[in-house]
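Structural characterization, general
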Amino acid sequence: MDKLLIFGGRPLKGTVIISGAKNAALPIMAATLLSSGIHHLKRVPRLRDVLTMAELLKRMGANVQIENNKCIIDTTKITHFEASYDLVKTMRASILVLGPLVARFGKAKVSLPGGCAIGARPVNLHIVGLEKMGAKIVLQEGYIIAKANQLKGTKIYFDIPTVTGTENIMMAAVLAKGTTIIENAAKEPEVVDLANYLISMGAKIKGVGTSIIEIEGVSELNPPIFHEIIPDRIEAGTFMAIAAASGGDILIKGCRTENLDAVILKMKDAGVIFKETKEGLRVIGPKRPNSVDIKTMPYPGFPTDMQAQFMAMMSVANGTSVIKETIFENRFMHVAELRRMGADISVEGNTATVRGVKHLKGAPVMATDLRASASLVIAGLIAEGKTIIDRIYHLDRGYEELDKKLISLGAKIERLKK
Ligand code: EPZ
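First, a word on what this report is: a plain description of the structure on this page. (Residues numbered from 1 in each chain as written. Predicted model: local features only at pLDDT ≥ 70, side-chain atom pairs only at ≥ 80, totals over all residues. Heavy atoms only, no water.)

Let us look at the overall build of the chain. If you tally the helices and strands in the chain, you get 14 helices and 24 strands. Radius of gyration (C-alpha) of the chain: 21 Å, near the 22 Å computed for a compact globule of 418 residues. With the C-alpha coordinates aligned to their principal axes, the bounding extent of the chain is approximately 65 × 40 × 40 Å. The 418 residues of the chain split such that 56% are buried. Contacts in the chain between residues at least 24 apart in sequence constitute 73% of all its contacts with a sequence separation of at least 6. (Helix = DSSP H or I, 4+ residues; strand = E, 2+ residues; numbered from the N terminus. Rg over C-alpha atoms; globule rule 2.2 N^0.38 Å. Buried < 20%, exposed > 50% of the residue type's maximum accessible area, 1.4 Å probe, protein only. Contact = heavy atoms within 4.5 Å.)

Written as structure tokens, this is what we have:
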């Protein structure tokens, strides 16, 4: 298992180019199952999760070519309709093939994702939504077995604005008979990017980016000439946190600031300066961040995927900050590791109280999940001395060449191959 060796204590300066969004690329790759033909995707991030989704599609009969940040997916010969446990256990987002398979082929056998480090993460809302559209679903030996002659449009209300749940039902609805209305739908930019991809294939979708999405089913869809994945707002936010925590000065190219309002406003409260330039967004960190309270919420609220990174920044802030995690029940796995580096953090239920210290101290730590590993990288970059982060395969799932990008910003960082 690879480790990351970081010598901290230097402000990071320079330019970084944001990659395509993991959480847009994954549903869009799954959406290629909805139409027979050759799909050209651009700005696809080179990540472990993208390779896993490619493997999933290949096992179904698709031909998938990935070259640099281009991905060509030929779905003319889909002959298998299964997402097996050995792949699904490594990537929960595999559940995203369920909706497309049932919609286009009338059947699917998809392993239940099981829990993960940050929470139980059930998929009940996905299943109930498909059943409401007429799918017959049984759970057998850890698999979701779904059948449907013809999905029918209907009204579906989500108790929680589930991101992949919204994506799965939207993909099921585009080929259903009649109109589907999703109420309390997720509004994340990645859901919007998927909807735009479906519309470019001929789908009829209204209300994209709002909590009420209306989909009028059509009989077939066709691949567009190409689709460029939106930039990754969480990667961009992560680099903002790196500039903010290290007193750095980073020009972030290719990020869409309108997708990061909540994060930018909280960073400004912490004393970070933002300058929109024609090359990109310049982010200048203060000598020491002010302490700021955050509460994670569904989009457009403060994203849960930025909570761990913001906590690393607050661990050296001037004052005490209160961080409330309302989306996942166990997304504080980074706290124990940050404490090993001298952070002063106490947790009560879904609330962490972070008393800022002047400096963190480097230490051997362990990554537990994707965004926790990003949090430890930030901590290692600002700590005095040496930090070794173990299990960084978590990081490689969701960040494209993060260590290389950090080295180009002046970080003293080395990947220790095991
Ligand atoms: C997506 O996960 C993202 N993953 C996550 O990013 C992100 O943290 C999350 O949305 C929230 O923004 C992808 O898009 C691939 P949810 P998802 O369904 O869809 C509960 C990362 O770091 N829920 O919106 O799985 C669930 O337990 C990853 O890139 C149900 O109870 O999240 C959670 O508490 C981590 N039943 C809440 O809803 C369901 O059927 C939000 O989950 C579905 C969800």
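This part is about the site of the ligand. Not every one of the 20 residues close to the ligand is listed here, only the nearest: Leu-125, Thr-162, Thr-164, Asp-305 and Ile-327. The side chain of Thr-164 places a nitrogen or oxygen atom 2.6 Å from an oxygen atom of the ligand. Tallied by class, residues from the shell around the ligand come to nine nonpolar, six polar and five charged. (Near = heavy atom within 4 Å. Polar contact = N/O pair within 3.5 Å; in protein donor to acceptor, adjacent residues only side chain to side chain. Nonpolar A, V, L, I, M, F, W, Y, C, P; charged D, E, K, R; others polar.)

What follows concerns helix α1 (residues 22–31). With nine of ten residues buried, α1 is to be regarded as a mostly interior element. All of the buried residues in α1 are Lys-22, Ala-24, Ala-25, Leu-26, Pro-27, Ile-28, Met-29, Ala-30 and Ala-31.

Glancing now at the packing of aromatic side chains. Going through the model one piece at a time under the given rule, you end up with two aromatic pairs. Ring centres of Phe-302 and Phe-310 lie 5.4 Å apart, and the angle between their planes is 75 degrees; this geometry places the pair in the edge-to-face category. A relative accessible area of 0% places Phe-310 in the buried class. Directly above the ring of Phe-226 sits Lys-42, whose terminal nitrogen or CZ lies 3.9 Å from the centroid. Directly above the aromatic system of Tyr-143 lies the positively charged group of Lys-109, at a separation of 4.8 Å from the ring centroid. (Phe/Tyr/Trp six-rings, centres within 6.5 Å; stacked < 30°, edge-to-face > 60°. Lys NZ or Arg CZ within 6 Å of the ring centre and 35° of its normal.)

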